[in-house]
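Commentary on secondary and tertiary structure
This is what each chain is made of:
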Amino acid sequence: QCLTIAGSDSGGGAGIQADLKTFQANGAFGMSVLTSITAQNTRRVTRAYDLPEDLILAQLQAVFDDFAVSSVKTGMLSSKSIVSAVSAFWRSLGPAAPPLVVDPVMISKSGYPLLQLDAVARVRKELLPLATVVTPNGHEAELLSGVSLASRDEVEAAGWKIFALGPKAVLLKGGHLDGKGLDPSRATDYLFADGRVQEFSSPRIDTTSTHGTGCTYSAAIAAWLGRGYAVPEAVTRAKRYLDGAIRHGLDIGNGHGPTHHFFFMTDWMQAVPSRCCRRAAN
């Protein structure tokens, strides 16, 4: 039973919608705490509205009062007050708190800010020390660490700087990185934990169907942590799942299409006659 604390994507490819699909696809029952409502599609985000902190906390309390929460991930926490409210609730759980995956969502692919700049410091100070693993992309890693990621050495420097902020592990995603010592033909992610760096690499896929990949990746990691796997194995399984979801990305919308969260069910769906076909056969 896994929980996502994030914003809603009306286009269905990212945010809460992607997280719930990912949980189910990776063998977990998904629950959600909504932080913000966005108006968006595959091309852009046009508007966002933050829910009141007391309603966010009420959702959290309702879930934890009734479910055996195995793991949690955070996504869009757009303001200082929301970051602080979620962090305070998490601290109140004490040693009983389940594994926490922090996806430090900051900006949409179209450039719409999903985290206010003055909230970045709050994420560093209050949220990251609570994380089992934090999953920044290149842009987010630069903002969190203050290091420009133009080489493999700088990737390592940034990762350890973020690790020093308090999370148990940092997964710096390299899908869009390029520079000295970085292979542009590979999507390589770097896991910083236990005094060493592990690399998780797959061929970089030439596709525009990448909407929601960060949400999907972090949710898959949370699902496997919730199922009892340690961080490196959870990342391995999540990476394999994400690679398949991207390879089978859906060509819908007119911008960055979504990944295919249930790509592995294609054969099964083709084997079951549709309702209209059954009606015609009768």
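Residues numbered from 1 in each chain as written. Predicted model: local features only at pLDDT ≥ 70, side-chain atom pairs only at ≥ 80, totals over all residues. Heavy atoms only, no water.

Looking at the pairing of strand β1 (residues 2-9)
Every other side chain in a regular strand lies on the same face of the sheet, so the side chains alternate between the two faces. Taken across its eight residues, β1 has eight buried, putting it largely inside the fold. Each parallel crossover has a hand, and for β1 linked through helix α1 (residues 15-25) to strand β2 (residues 30-40) it is right-handed. Judged from the four bridges that link them, β1 and strand β4 (residues 71-74) form a sheet pairing that is parallel. In the sheet register, Thr4 faces β4, and the bridge partner there is Lys73. (Buried < 20%, exposed > 50% of the residue type's maximum accessible area, 1.4 Å probe, protein only. Helix = DSSP H or I, 4+ residues; strand = E, 2+ residues; numbered from the N terminus. Right-handed = clockwise from strand over helix to strand, strands pointing away. Pairing = 2+ DSSP bridges.)

What about the pairing of strand β9 (residues 196-203)?
Pairing between strand β8 (residues 186-193) and β9: eight bridges, direction antiparallel. Counterpart to Phe192 in the pairing with β9 is Val197. Linking β8 back to β9 in an antiparallel pair, the connection comprises two residues, with Asp194 at a positive phi of about 55°.

Brief notes about the packing of helix α5 (residues 138-145) against helix α6 (residues 152-163)
Interhelical geometry of α5 versus α6 gives an angle of 60° and a closest axis separation of 9 Å. Compared by their axis directions, α5 and α6 come out oblique. Like other packed secondary-structure pairs, α5 and α6 cross with a definite hand, here left-handed. Between α5 and α6, the residues in contact are Ala141, Leu144 and Ser145 and Ala158, Lys161 and Ile162, respectively. (Axes fitted to C-alpha atoms, helices over the stretch in contact; angles between N-to-C directions. Parallel < 35°, antiparallel > 145°, perpendicular 65-115°, else oblique. Left-handed = near helix turned anticlockwise from the far one by under 90°. Contact = heavy atoms within 4.5 Å.)

A short note on the confidence of the model for the protein
Across the protein, the average pLDDT comes to 91, with 94% of residues at 70 or higher. Residue range residues 274-282 is modelled with pLDDT below 50. Its contacts to residues more than four positions away, or to other chains, number two contacts. (pLDDT = per-residue confidence, 0-100.)

Regarding unusual backbone geometry
Positive phi is not limited to glycine here, since Asp194 has a value of about 55°. Inspection of the secondary structure assignment puts Asp194 in the loop between β8 and β9.

Regarding the packing of aromatic side chains
For the structure on display, the rule yields eight aromatic pairs. Consider the rings of Phe64 and Trp90, whose centres lie 6.2 Å apart with planes at 85°: the pair is edge-to-face. Of this pair, Phe64 sits in helix α2 (residues 53-66) while Trp90 sits in helix α3 (residues 80-93), and the two are 26 residues apart along the sequence. Residues Trp160 and Phe163 carry aromatic rings whose centres are separated by 5.3 Å and whose planes lie at 85° to one another, so their mutual orientation is edge-to-face. With Trp160 and Phe163 both in helix α6 and three residues apart, this pair spans about one turn of that helix. (Phe/Tyr/Trp six-rings, centres within 6.5 Å; stacked < 30°, edge-to-face > 60°.)

Points about the side chain of Ser209
Take Ser209: it is sitting in the loop between β9 and α7 (213-226). Its relative accessible area of 6% is what places Ser209 among the buried residues. At 3.2 Å, the side chain of Ser209 forms a polar contact with the backbone oxygen of Leu250. The contact partners of Ser209, leaving out residues within four places of it in the chain, are Ile246, Gly249, Leu250, Asp251, Gly257, Pro258 and Thr259. (Polar contact = N/O pair within 3.5 Å; in protein donor to acceptor, adjacent residues only side chain to side chain.)

Regarding α7
Here α7 contains 14 residues, and its C-alpha end-to-end distance of 20 Å stays within 8% of the 20 Å for a straight helix at 1.5 Å per residue. Most of α7 is tucked away, with 12 of its 14 residues classed as buried. Turning to α7, its buried residues are Thr213, Cys215, Thr216, Tyr217, Ser218, Ala219, Ala220, Ile221, Ala222, Ala223, Trp224 and Leu225. The positive-phi residue at the C-terminal boundary of α7 is Gly228, with phi of around 105°. (Expected span 1.5 Å × (residues − 1).)

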